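Residue strings, one per chain:
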Amino acid sequence: RIVYVNGDYLPEEEAKVSVFDRGFLFADAVYEVTSILDGKIIAFDGHAKRLKRSLDELQMQNPISTEDLLEVHHQLVKRNELTEGMIYLQISRGNPGDRDFAFPSEDVTPTVVLFTQTANLLNNPKVATGMKVISVEDQRWARRDIKTTQLLFPSMAKMMAKAAGVDDAWMVEDGHVTEGSSNNAYIVKDGKIITRNLGHEILHGITRAAVLAYAEAAQMQIEERPFTIEEAKNADEAFITSASTFVMPVVEIDGVALGDGKPGKSALRLREIYLEESMKQAL
Ligand code: PLP
């Protein structure tokens, strides 16, 4: 695989980042994941905008313009002959040459890393069966709207899901669902789509924004508000959204089957609309 590090395209074995890099020592880094379908980048503009916002929130310099970033994405797709999968992008505050909690002075250059991952996104077998989830207490920090690489708790939540024999964990705070381990969470009741409103408690999903816009255009009813895990278990259907899963049905929460236990109509319809519309705008 050819990866990108600070301006260079290198075989992955040759790519290196310092042991003093703040991304490594402090998770002082932000990231984005975009999906590639048919060799094209899905929702690039949204991901580039959120990246800028994450950097601003952490007072981190932006070392690369949006145009250059798009070019790096295209180069990686080409050099790796990627037709379907993801591009991972990470920007850390860089290498100050030693370990210190305080942010380094402005002259430390952020570290930019991008790499590709091959994956079968369209023919994900979970679309047909739906996903099963368990609920776990949300133990992440309070600024989940900033897409940082502090992913230890979401990794632990994923392992709890695996240990329980299910696909993912929905995180719960004060009885209300925040989001999935790496996705936004939705329930559908009496034809109404309910998903948590934006705030510091959840990541502002790029797929979420697109799906809600398409749902509205399709005259579907939407309610953006917190919902409890009990309400979720009594829903008619549920689903998640993320860059790499698009829209994915959820059929079971904590062992409770939703509706008839099969992927819901709204989820499948939104998946179809999302894929059709986002492919039209792919770069
Ligand atoms: N919520 C969390 C915690 C995530 O990690 C992600 C994606 O990685 C999402 C939501 C979905 O965001 P997006 O649709 O931008 O991929």
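From a predicted model like this one, the values you see are computed outputs, not experimental measurements.

Rules used throughout
The written sequence of each chain sets the order in which its residues are numbered from 1. Residues qualify for local features only when their pLDDT is at least 70, as the model is predicted, and side-chain atom pairs are given and counted only at 80 or more; totals for whole chains, interfaces and linings, by contrast, use all residues. Here the axes come from fitting lines to C-alpha atoms, over the contacting stretch only for helices, and the angles between their N-to-C directions go from 0 to 180 degrees. Secondary structure follows DSSP: runs of H or I at least 4 residues long count as helices, runs of E at least 2 residues long count as strands, and numbering of each begins at the N terminus. Note on angle classes: values under 35 degrees are labelled roughly parallel, values over 145 roughly antiparallel, values of 65 to 115 roughly perpendicular, and the remainder oblique. This entry defines residue contacts through backbone-placed C-beta atoms, with two residues in contact when those atoms are within 7 Å. Side-chain classes are defined by residue name, with Ala, Val, Leu, Ile, Met, Phe, Trp, Tyr, Cys and Pro counting as nonpolar, Asp, Glu, Lys and Arg as charged, and the others, Gly among them, as polar. Helix span is expected to be 1.5 Å times the residue number reduced by one. Here a residue counts as buried when 20 or more other C-beta atoms sit within 10 Å of its C-beta, as exposed when there are 12 or fewer, and as partly exposed otherwise, the C-beta atoms being derived from the backbone. Here the arc refers to the set of directions running from the helix axis out to each C-beta atom. For this entry, the nonpolar core is defined as buried Ala, Val, Leu, Ile, Met, Phe, Trp, Tyr and Cys residues connected by C-beta atoms within 7 Å. Residue ranges for the domains trace back to a domain assignment, done automatically or taken from a database.

(A) Just the packing of helix 6 (residues 206-217) against helix 8 (residues 265-280), in detail. Contact geometry for helix 6 and helix 8: axes closest at 10 Å, N-to-C directions at 105 degrees. With respect to helix 8, the axis of helix 6 lies roughly perpendicular. Here helix 6 contributes Ala-210, Val-211, Tyr-214 and Ala-215 to the contact with helix 8, which in turn contributes Leu-270, Ile-273, Tyr-274, Glu-277 and Ser-278. Here the residues of the contact of helix 6 with helix 8 are counted per class, giving 7 nonpolar, 1 polar and 1 charged.

(B) Expanded view of helix 8. Here helix 8 is 16 residues long and its end C-alpha atoms lie 23 Å apart, about the 22 Å a rise of 1.5 Å per residue gives. Buried within helix 8 we find Ser-266, Ala-267, Leu-270, Arg-271, Tyr-274 and Ser-278. What you see down the axis of helix 8 is that its buried residues fit within an arc of 130 degrees, all on one side. The outward face of helix 8, more than 90 degrees from its buried face, is lined by the exposed residues Glu-276, Met-279 and Lys-280. Contacts made by the buried residues of helix 8 are with helix 4 (126-129), strand 10 (184-189), strand 11 (192-195), helix 6, strand 13 (237-242) and strand 14 (246-253).

(C) Seen up close, the nonpolar core. Among the nonpolar cores identified, the biggest contains 56 residues, and Tyr-186, Ile-187, Ala-238, Phe-239, Val-247 and Val-250 are the most heavily contacted of them. It is strand 14 that contributes the most residues to this core, 6 residues altogether. Looking at which domains feed residues into this core, each of domain 1 (2-118) and domain 2 (126-280) supplies at least three. Setting aside its immediate chain neighbours within four residues, Val-247 contacts Val-211, Phe-239, Thr-241, Ala-267, Leu-270, Arg-271 and Tyr-274.

(D) Structural detail: the domain arrangement of the protein chain. Structurally, the protein chain comprises domain 1 (2-118) and domain 2 (126-280). With centres defined by C-alpha atoms, the gap from domain 1 to domain 2 works out at 26 Å. On the domain 2 side, the residues contacting the 20 residues of domain 1 number 13 residues. Contributions of two or more residues to the side of domain 1 that touches domain 2 are made by strand 3 (29-37), helix 2 (44-57) and strand 5 (85-92). Residue classes in the side of domain 1 that touches domain 2 are distributed as 10 nonpolar, 7 polar and 3 charged.

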